[in-house]
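# An overview of the molecular structure
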Amino acid sequence: MELQPPSLPSPTRRRRLRLPFSPWHLVLIPLSFLLIVPLLWMLITSLETEGEANHFPPVLFPATPRFQNYSEAWAAAPFGQFFLNSALVTLVVLISNLIVCSLAGYAFARIRFLGRGALFVALMATLMVPFQVTMIPVFLIVKWFGDNVSPFLGIDHIGALMLPNLATAFGIFFLRQFFMTVPVELEEAARVDGTSRLGVLFKMVLPLSLPALSTLAALTVLTSWNDFLWPLIVITSQDQMTIPLGLSYFQGAHRVRWPLLMAANVMSLLPMLLVFIGAQRYFVQSVASTGIKG
Amino acid sequence: MPKLLGRIGRSESVNGWALVSPAVVLIGIFGLLPVLMSLQLSFQKSDLLTPATPWVGFENYRKLADDPVFVESIKHTIVYTALFVPGTMLVGLFVAAAMNRSLRFISVYRTAAYVTMAVSTISQGIIFLWLTDRDYGLVNAALNAVGVPSQPFLASPSQALFVIVAMTIWGWTGFSVIVYLAALQGVPAELHEAAAIDGASAFTRFRTITVPLLGPANLFLLVWLTLNALQLFDEVYATTRGGPLRATTVIVYYLWDRAFVHFDAGYAAAMAYALFVVILVITAVQFRVARRYVHYS
């Protein structure tokens, strides 16, 4: 009897505890609910009248859902323009990062070139610098680009949101680590057959690196789409605002009109939320892979 | 030099530099150059507009030490970080431990936790302003329901910072749950089975097997969350704008205010460098201390 392991309950006890489902659901359902209460409350408020919202204790379910909040919010600020700007900025930053970081990551992983070690250290050192240290000079540099190269790249234009983020040291590091795990033999065979470095990268290495590229893409999209401090610094015109900045501006203009504000909030969150849920695997990987190896 | 080139291969060097050059130009201009410019700026007086930026020596740094608002902002940042980092780690570990099992609908539960990560900081701020509203907020309704009187929350100088702590813990739940779930799934099941056979309770097993094996995840979260906590800005901007009575003015908020509201860029650059040094020191200490406790296996 004393050999009975405690983790295996006796048959009688087991039968008494038997539920048609795992008892863990009784913990996980309230827990998950609690975690999404802020989002649910946003959704509910966005469908209430101002009378219902400004009532205490709160009205938990609106008598009839007021969908006009959405059309009114949409009409009160150029949300279409905000979406377009966010999409443009994110798209350009994403494509540029994938290409530029792939090229550099591949060179650092495979090519022994003069100065490689020192250059790699110099680029990686930027990972340690907080954005606050660089943001003031970057403001001046972007201003210079606007004055001397093209107004599209200058202050108060979405080009200024793209330019400083076209490549990241993290992206280079991340892809280099992945490329180093790709077997080199195939590449060598192709190289002997006369394929160029670029040819090998684009025809062989990148197709094998889709998981890493997707992970980096997820991270880049999330960071770029939700970025706030930099747009706040360089953008002042409404027609150049991205969603977080536009939402903040909208908040300032409609401070206590909660149903309207929440409708705007739901609209602002929806695209990212859908992308996130649709590509959840890659977002999870992007965090897990940096977290565990970091 | 020719010998070195010969060994490495001239064409390989050309190839290598050709491939890295776009990244080098971009990161050089927007990552490395600004670090030097910022240092220079911290010894100058600049309003970001007029080209004349006279040298002022250590004036900006001296001013920092005597600036009561800066000292206050450091205090707020420390309080915030000291609560936010362990709070997020505990919540993340608790939720991850609860969700680390194969059940029906487990992916739905996990999505509920992850999704907080996709919510932008501004959206988060607006939602929590409303949730904690003094007059009509859901949180006050819940408090009243259990007999606690309504609280002013973000409108109160003594409570606002703590509300921001709670709000950002919520916002980082998804992130920390992902890190902990990945780590928990790396804990070998055999260890638990063996300990269970030896009679260890579930809690003892968690404490003696799981927790030590979480070392690398703990270290990563500690460093990463601290880094982000010291740079808190968005959530303050979206909710309190540093108030009420400057109670939530953290370092980066004050820095932004100096640089881009009052156009005192030299002073703000000095502040940024002070923050940089603090971050480097804290990160180094964390890694040093961690070497003793973290085991990679």
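What you are looking at is a predicted structure, and each value in this text was computed from that prediction instead of being measured.

## Description of helix H13 (residues 251-261) of chain B
Of all 11 residues that make up H13 of chain B, eight are buried, and the element is covered over most of its length. Within H13 of chain B the residues assigned to the buried category are Ile 251, Val 252, Tyr 253, Tyr 254, Leu 255, Trp 256, Arg 258 and Ala 259 of chain B. Buried residues along H13 of chain B sit in contact with helix H7 (131-148) of chain A together with helix H4 (68-99), helix H12 (234-239) and helix H14 (265-293) of chain B.

## Concerning the confidence of the model for chain B
Per-residue pLDDT for chain B has a mean of 90; in total, 96% of the residues score no lower than 70. Predicted confidence is poor over residues 1-6 of chain B, with pLDDT under 50, and the contacts of this stretch with residues over four places away or in other chains come to three contacts.

## Re the interface of chain A and chain B
On the chain B side, the residues contacting the 82 residues of chain A number 82 residues. The dominant element in the side of chain A that touches chain B, judged by the number of residues it contributes, is helix H2 (residues 24-45) of chain A, at 12 residues. Its residues assigned to classes, the side of chain A that touches chain B comprises 61 nonpolar, 18 polar and three charged.

## Regarding the environment of Pro 231 of chain A
All names here are of chain A. Mapped onto the fold, Pro 231 is located in helix H13 (residues 229-234). Placed 15 residues apart in sequence, Pro 231 and Gly 246 show a C-alpha to C-alpha distance of 9.9 Å. Excluding residues that lie within four positions of it along the chain, Pro 231 makes contacts with Leu 161, Met 241, Thr 242, Pro 244 and Leu 245.

## A look at the domain arrangement of chain A
You can read the domains of chain A as domain 1 (11-68) and domain 2 (77-253). One C-alpha centre belongs to domain 1 of chain A, the other to domain 2 of chain A, and the line joining them spans 39 Å.

## Description of the packing of helix H11 (residues 215-230) of chain B against H14 of chain B
Helix-helix packing is characterised by the crossing angle of the two axes and by the distance between the axes. All names here are of chain B. H14 packs onto H11 with a crossing angle of 165° between their chain directions and a minimal axis gap of 11 Å. Considered as vectors, H11 and H14 are oriented roughly antiparallel to each other. In terms of crossing hand, the pair formed by H11 and H14 is right-handed. Note on element contacts: H14 touches H11 through Leu 275, Ile 279, Ile 282, Thr 283, Gln 286, Ala 290 and Tyr 293, opposite Gly 215, Leu 219, Leu 222, Val 223, Thr 226, Leu 227 and Leu 230. Tallied by class, residues from the contact of H11 with H14 come to 10 nonpolar, four polar and no charged.

What counts and how
- Residues numbered from 1 in each chain as written.
- Chains lettered and ligands numbered in written order.
- Predicted model: local features only at pLDDT ≥ 70, side-chain atom pairs only at ≥ 80, totals over all residues.
- Buried ≥ 20, exposed ≤ 12 C-beta atoms within 10 Å, placed from the backbone.
- Helix = DSSP H or I, 4+ residues; strand = E, 2+ residues; numbered from the N terminus.
- Contact = placed C-beta atoms within 7 Å.
- pLDDT = per-residue confidence, 0-100.
- Nonpolar A, V, L, I, M, F, W, Y, C, P; charged D, E, K, R; others polar.
- Domains from an automatic or database assignment.
- Axes fitted to C-alpha atoms, helices over the stretch in contact; angles between N-to-C directions.
- Parallel < 35°, antiparallel > 145°, perpendicular 65-115°, else oblique.
- Left-handed = near helix turned anticlockwise from the far one by under 90°.

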